[in-house]
Amino acid sequence: MSLIKHGSCLCGAVKFSVSLEKASVDACHCSMCRKWGSGPLFSVICSEPVTFTAGTPVFYDSSEWAQRCFCGKCGTHLLYRLKSGKFESVSVGVLEGDTDWVFDLQVYIDEKPVYYCFANDTKTMTRAEVEALFN
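Note that the structure is predicted; figures quoted are calculated from it, not measured.

(A) Expanded view of the UniProt feature "domain: CENP-V/GFA" (unreviewed entry) in the chain. The positions that UniProt labels "domain: CENP-V/GFA" (unreviewed entry) are, in the present scheme, residues 5-102. Between the C-alpha atoms that bound residues 5-102 the distance is 15 Å, and the span itself is 7% helix and 49% strand.

Encoded structure:
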C-alpha cells in the first residue's frame, strides 16, 4: 500500500503530491548534494513520479544523468531525479504532516566527510554500489 504525501516549498508557490512505498528516509553524502544544501540530502524515494499541483518548479541538469528541482521563487530544494526516469526522491523536509519516518539508508558513504556522523544504525552504500543499481 502506497503512502500519499503532499508537500510545498517554503513560500508555497510550488505544491505537489507524491506516492511513497514506505516511510523511509535516506541520506546522500555525495559532493553535489552537500554543495547543493551544505550537508547531506535527506530524502524519501518515490514509487511514482511527483505530481505538481501548483506552480512551476525549476529543473537543473546537475549532471549528464540527473536533475535537481527547486522553487524558482524561494529556492527550496524539492527533488532529485534520474533523467532516465528510473529514480526520483523528494526532500523529506518539504512534506506535510507527521509521519513516523525511519532513517535507514545512507548512500555515497565513501564521500561522507569526517566532520559529521549519525548515530542511527543504517544500511550504507558506496558510490559504486549505488551506480551499479541504475546501470
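(B) Representation of the state of the cysteines in the model. Applying the stated rule across the entire model yields zero disulfides. There is no disulfide at Cys9, and the cysteine sulfur nearest it, in Cys11, is 3.7 Å away. Judged by its relative accessible area of 5%, Cys9 is buried. There is no disulfide at Cys71, and the cysteine sulfur nearest it, in Cys9, is 3.7 Å away. Accessibility expressed as a relative area gives 2% for Cys71, which makes it buried.

Reading guide: rules and limits
Residues numbered from 1 in each chain as written. Predicted model: local features only at pLDDT ≥ 70, side-chain atom pairs only at ≥ 80, totals over all residues. Heavy atoms only, no water. UniProt positions renumbered as here; feature names shortened; annotations may be inferred. Helix = DSSP H or I, 4+ residues; strand = E, 2+ residues; numbered from the N terminus. Disulfide = S-S within 2.5 Å. Buried < 20%, exposed > 50% of the residue type's maximum accessible area, 1.4 Å probe, protein only.

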